[in-house]
Each structure stands twice: as structure tokens, then as C-alpha cells.
Amino acid sequence: MLFVEDSSEIIKVENLTKFFGDFAAVKEVSFEVERGEIFGILGPNGAGKTTLIKMLSTLLKPTSGKALVAGYDVVKEPQNVRKSIGIVFQEPTLDVELTARENLDFHGRIYGMDGKKRRERISEVLELVGLSDKADILVKKFSGGMQRRLEIARGFMHFPKVLFLDEPTLGLDVQTRRNIWEYIEKLRRDEDVTIILTTHYIEEAENLCDRVAIIDLGRIIALDTVERLREGIGKDSIEVVVENGSVFENLLKSQNLKVVKTADGLMISASDGEKLIPRLFSLAQKHRIEIHSVSLKKSSLEDVFVLLTGRKIREESAAMHPMMRIKRMRK
Amino acid sequence: MVEAYGVYILWLRDLKRYVRARSRIIGSLGMPLFFLAFLGMGFRRAQIPSLPGDISYIDFLAPGVVSMVVLFTSTFSGVSIVWDRQFGFLREIMVSPISRTTIALGRTLGGATTAIIQGFLMLAVSYIIGFRPDPIGMVYSFVFMVLIAISFTGLGVAISTLMEDIHGFQLVINFFVFPIFFLSGALFPVKEFPEFIRFFTYFNPLTYGVDGMRWSLIHYSEFNPFIDFLAIGIFSIFVIIISTILFDRTEVG
């Protein structure tokens, strides 16, 4: 078949870079997203996820590199890109002085949908996110979760080819988060749309995404399906806290084990964790190193991140990049 | 590039929000009402030298206070784009396919419309207080209100592009809108100013707006009404061009 390659990628990014002054928020990022998939961008706060999304949605101009969204260049044809995409931002962007229906009606109009189609579509999307009975209530009376659902409904209302969700469940409680995940999955089933979502919640990436790009300090450090990313480091992950970390670390490395030093201790990835634990003890005993604690769990994308960077994803949130903090304050 | 439906929908949104904010509609008429009532009572027997004896102070003041309402409401609406930016809604508009020029024009016309409605409400209130304008002159006053409203909504939009956040709002009101108001001849004829201050009033577009309003409503003016019309008219066109250019350049990160 001749055109398969062309039609399967809806987003194509090549060496995309964004500088804020001297600070590179996104550095030479390249990837492709296939039509119909849920593509996750996972990384700590300040990793460059939002900057990346803003470049793909034409809100920020890249410093260098190239990006095609739905076949259009984000720099040369921003108007066409905007027609093809929907976005749900991290921060709320609803008009709280209007009702849910009016917000959607406004949206339909600025995307040029005609009256009949608009009315049909409004009831359709409200139904999909379970807000049909709240259509004529002012948005300022909505809870956080309801507002987010309405934003998602609005994001895909105009039949975008690509829907960007920037931290769709940020700041929501666990139950509401699961609720939103269900709606996103339903959306993928019912609508012909490709979804790109950024998140710093491991569970979100693992539960929702077909493929995940792990991003840190503006670079993609791993990209694959969730299963393959996990398999790559071994199915188990062991955390050990010992007295003399660096000595033990070198010792383990000499045994050809995947080890990385974390803030708490050492993390070891293995395909057979249960059998490795006794080995760790005998090794420690032989070299008179005292083990304080050992824990074994199934490896997650968090461990992939730790193994690649030596840091945890969540810990980063407190120690955001100083440049990013300044930038956020200005807005 | 301007999309008419885009202008219309932004205008419609402004009107919907205006109609719903009843407390703001009434609240913002409070200060001008007290200006009119108390200044009118306090100075009712005062004779202003440059004012012909047959014009009562309340008749002189009312067109000025109506202009004041239009000035404040329109500047406020223009600058309120900063609120949209703060509360995120501006982003929803900025990622949509409609052009920046459309957005700036839609906001300007929406804000101007609400300012004109406020102006007519104030006119009605002043009627209750005892102001009796020429009914036919109200048609002319409508033209001047439109020009004042567009000028200062546009100016508000232009200022909003230079503001980082809503904290600058008070600054704009106190150091920009109030001087424009006091230097416009809304409260007393600009002829009463000392020479060097009067000089500034000639560069104040509102001076011509107020004078045009006064000519329309009570048939008294300091300048030729045609000059009033030209001055505020040219200024409004100039402001629209400047504000769309400035708005076109803004980035919403």
C-alpha cells in the first residue's frame, strides 16, 4: 500500500526547540503521533510539557525546529492548525458568568458551526460528559470536576482532528480523576480524534495512554508503549536503604545490575525481584554493609523515570526550575 | 482579516454579561448621579462668568455627567480584557480560528455598546432630577456617545495589551481617566482654566465629545459642533487602528 505512512501520522515533530532567554524549555524534541492514539507526555513540573503543547497549538512560536499538526505547519499555517485542534488548558478558561450551554454555543460559533449543527452537538457533548441536566446553570456554580468535564466537552465539540489535554486531572480528587479518565476513554471510542495529553501523574499515563514520551529538562528521554517501557527495565523494582550507599552501588553495578541512586537510597530494577533480594543480603553481609530496609514492588513508569534521571517525578514539583517559576508568575 | 460572525459573537457575549450584572449597572451610575445631584444643588445659584446667564448649572452639568458615564464605562470595558486574560478565557479565544483583529474589534464594539446603554440610562436618571434636554437633540447626542464610547473602549483595549495584570487598573483610572474627565469641560467650561492648563484641554479628545453632547442636548457649545464631530471622530478611528495593531502583537503564553 502506497500512502499508509503518510496517513497514519497526525503529528510530526522534528528538533523542536524553545528558548526563554537563555533557558531552553524544550530542547530538540522529535516524535510522531499516529492517528487515533492516546499519546502521553509524562514528566515532572517544569519539564517543558506545557511549552511543547503551546508550540503545537500555535500559542508560542518555536525558536527552531519544525512541527506539523494534521498536516499543517504550526509556524506557517497557524490558522489551519487552529481549525484542526481542540485544547483543554491546565488553567480554567471558561466564562464563569455564562451557562454551560452558552459557553459551548460561543465556542461553536467562533469555530463557525451553523445553528442547527451547533444545537445538536451541544446536547451530544453534554451527554457524553454527563452534564445534560446542568446545561443552563451558570458555570460559576459548577464544582472543579464539573468545570473540567465541561472544558473537555468544549475541547472536542467542533470535531477537532487532534485534542490536546494539558494536565486534564490536575488538582482533582482521586474519584473525579477516575471519572475524567472514563470520559477520555469514551471519547476515544466514540469520536474520531487523536488525543495528546500531558501529565505528571504516573497512573494517568499508565491507565490511559497507548504510548508515552517521558520528558525531563526539555528533552524526551524515553518513548514507547507503557508495557515496553516497563519491560525495558525489568518487571520488578527494589528499593534498598543501606548505610554506605555509594559503596553498595558500585558493588551492585559490578554484578551487572541496573542500579540508580535516589534521594532515599538505591533503586534496582530486575526481572526477578524475589530471587534478587537474598542475593542482595548475602552481598551486603560479605562486605559488612548494613541494610536498613528493602522493599519490592512491580515496576512502574515512575521507576523508568528514576532509573533514567535518578529523581522521582513528583519530588520535582517542589523544586521547579527557577526560570519556569518566573515565567509562570508573569502570566 | 475580520470575520463578521466573530465580531458579532464577542459583542453578544459582552451584552449577555452586561445584562446579567445588574448590581454593576446600578452601582456604576451611583457616583455620576451624586455628582449631578449634589454639584447641581450646591452650584445652582452660582454664576459662572463664561456661561450665558440663561443656562442653569444643572443643564450645563448633565451632558457632562452623561459623558462621564460613557467615558468610565467604556474605558472599564476595554481594560477588562485583562480580566479575561487573568481568568484564562482569553486563551479560549486566542486558540480559535478567528483573527486577532476580529477579537479586538468585537471587544471594542461590545464594550462601546454597553457604555452607550449606560449613557442613556444616565440621561433618563438626569431627567428624573429635572434635566430637560431637547428630544430631537438626543439623536445627535447618540452620535457623540457612539464616538466617545468607541474612542475610550478602544483606548482601554490598547492599554490592556500593555498591562501585566489587573493591579494596574487603579492606576489607569486615577492617573488617566480622571484627568481626562476633569480636563474635558464636563463640570465647568474649559475657558475657566488658567491659560497653560487650557492648552491641555484642547488635546483632550473628550473635550470635543462633551462639547458635542452639550450642543446636542442644550444647544450650547464652546466650539463649532462640526469641529467637535471631526475631532472625536478622527480620534476614534485612530484609536481603533492603534488598538488592533497592539492587540495583534500580544502573545498569550
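Definitions and limits used
- Residues numbered from 1 in each chain as written.
- Chains lettered and ligands numbered in written order.
- Predicted model: local features only at pLDDT ≥ 70, side-chain atom pairs only at ≥ 80, totals over all residues.
- Heavy atoms only, no water.
- pLDDT = per-residue confidence, 0-100.
- Helix = DSSP H or I, 4+ residues; strand = E, 2+ residues; numbered from the N terminus.
- Contact = heavy atoms within 4.5 Å.
- Buried area = accessible area lost by both parts, 1.4 Å probe.
- Salt bridge = Lys/Arg side-chain N within 4 Å of Asp/Glu carboxyl O.
- Polar contact = N/O pair within 3.5 Å; in protein donor to acceptor, adjacent residues only side chain to side chain.
- Buried < 20%, exposed > 50% of the residue type's maximum accessible area, 1.4 Å probe, protein only.
- Expected span 1.5 Å × (residues − 1).
- Axes fitted to C-alpha atoms, helices over the stretch in contact; angles between N-to-C directions.
- Parallel < 35°, antiparallel > 145°, perpendicular 65-115°, else oblique.
- Left-handed = near helix turned anticlockwise from the far one by under 90°.
- Nonpolar A, V, L, I, M, F, W, Y, C, P; charged D, E, K, R; others polar.
- Pairing = 2+ DSSP bridges.
- Right-handed = clockwise from strand over helix to strand, strands pointing away.
- Domains from an automatic or database assignment.
- Core = buried A, V, L, I, M, F, W, Y, C linked by side-chain atoms within 4.5 Å.

Trainee: Mind laying out the confidence of the model for chain B, listing which residues take part and the relevant values?
Mentor: Averaged over all residues, the pLDDT of chain B equals 92, while 99% of them reach at least 70. Here helix H4 (residues 81–86) of chain B stands out as the least confident element of chain B, with mean pLDDT 87; helix H10 (residues 205–218) of chain B is the most confident, with 96.

Trainee: Quick rundown of the interface of chain B and chain A? Include the residues and the values.
Mentor: Listed per partner, the contact involves 27 residues of chain B and 30 residues of chain A. Carbon and sulfur atoms make up 58% of the surface buried where chain B meets chain A, a total of about 2600 Å² over both sides. Summed over the shared surface of chain B and chain A, the number is six salt bridges. For Asp95(A), the salt bridge identified is with Arg17(B), shortest N-O distance 2.5 Å. Counting across the chain B and chain A interface gives nine residue pairs in polar contact (both at pLDDT 80 or more). Within the residue set of the side of chain B that touches chain A, elements represented by two or more residues are helix H1 (4–20) and helix H5 (89–94) of chain B.

Trainee: How would you explain the pattern of salt bridges if you had to name every residue and give the values?
Mentor: Per the stated rule, a full pass over the model turns up 31 salt bridges over all chains. Residues Arg20(B) and Glu102(A) are paired through a salt bridge, measuring 2.6 Å at the closest nitrogen-oxygen approach. Of the two residues, Arg20(B) is situated in helix H1 and Glu102(A) in helix H4 (residues 100–110); the pairing between them involves two chains. On the accessibility criterion, Glu102(A) (15% relative accessible area) is buried.

Trainee: Residue-level account of helix H8 (residues 169–182) of chain B, with values.
Mentor: All names here are of chain B. Spanning 14 residues, H8 covers 19 Å between terminal C-alpha atoms, matching the ideal 20 Å at 1.5 Å per step. For H8, the complete set of buried residues consists of Phe-169, Val-172, Ile-173, Val-177, Phe-178, Ile-180 and Phe-181. In this structure, the buried side of H8 is in contact with helix H2 (22–42), helix H3 (57–79), H4, helix H7 (137–162) and H10.

Trainee: Lay out the packing of helix H6 (residues 100–129) of chain B against helix H11 (residues 225–249) of chain B in plain terms, naming residues and giving numbers.
Mentor: Residues and elements named next belong to chain B. Two elements in contact, H6 and H11, have axes separated by 9 Å at closest approach and are oriented at 130 degrees. By the angle class used here, H6 and H11 are oblique. In this structure, the crossing between H6 and H11 has a hand that is right-handed. Contacts between H6 and H11 involve Arg-100, Thr-101, Ile-103, Ala-104 and Leu-105 from the former and Ile-240, Thr-244, Phe-247 and Asp-248 from the latter. When the residues that make up the contact of H6 with H11 are grouped by side-chain class, the tally is five nonpolar, two polar and two charged.

Trainee: Which residues make up unusual backbone geometry, and what values do they have?
Mentor: In this model, Phe159(A) sits at a positive phi of 55 degrees, which is unusual for a non-glycine residue. Tracing the backbone shows Phe159(A) in the loop between helix H6 (144–157) and strand E7 (162–166). Given the relative accessible area of 45%, Phe159(A) is considered partly exposed. Even without being a glycine, His219(B) presents a positive backbone phi close to 55 degrees. Residue placement: His219(B) occurs in the loop between H10 and H11.

Trainee: Can you break down the pairing of strand E8 (residues 194–199) of chain A residue by residue, with the values?
Mentor: All names here are of chain A. In terms of burial, E8 is largely enclosed, as six of its six residues are buried. Residues Thr-194, Ile-196 and Thr-198 line one face of E8 and the alternating positions Ile-195, Leu-197 and Thr-199 line the opposite face, and both faces are buried. Two strands pair when backbone bridges link them, and strand E3 (residues 38–42) and E8 are joined in this way by five bridges, in the parallel orientation. Residue pairing for E8: Phe-39 is matched across the bridge by Ile-196. As paired strands, E7 and E8 are joined by five bridges and run parallel to one another. Paired with Leu-165 across the two strands is Leu-197, which belongs to E8. Taken together, E7, helix H7 (residues 174–190) and E8 constitute a β-α-β crossover, and its handedness is right-handed.

Trainee: With reference to specific residues and values, describe the domain arrangement of chain A.
Mentor: For an interface, size is often stated in terms of accessible area lost upon the parts coming together. Taken domain by domain, chain A consists of domain 1 (4–229) and domain 2 (235–298). Using only C-alpha atoms to locate each centre, domain 1 of chain A and domain 2 of chain A end up separated by 40 Å.

Trainee: For the environment of Thr201(B), give the residues involved together with the corresponding values.
Mentor: The residue Thr201(B) is located in helix H9 (residues 195–201) in this model. Not counting residues up to four positions away in its chain, the partners in contact with Thr201(B) are Leu183(B), Val190(B), Phe193(B) and Thr207(B).

Trainee: Can you break down the nonpolar core residue by residue, with the values?
Mentor: Soluble globular proteins tend to pack their nonpolar side chains together in the buried interior. In terms of nonpolar packing, the biggest core is built from 53 residues, with Leu71(B), Phe72(B) and Phe181(B) touching the most fellow members. Mapped onto this core, the elements with two or more residues apiece are H2, H3, H6, H7, H8, H10 and H11 of chain B. Of all the elements, H3(B) adds the most residues to this core, at 12 residues. Residues in contact with Phe72(B), not counting those within four places in the same chain, are Ile173(B), Val177(B), Phe178(B) and Phe181(B). Counting residues in hydrophobic clusters, the runner-up holds 50 residues, among them Ile41(A), Ile196(A), Met94(B) and Val95(B).

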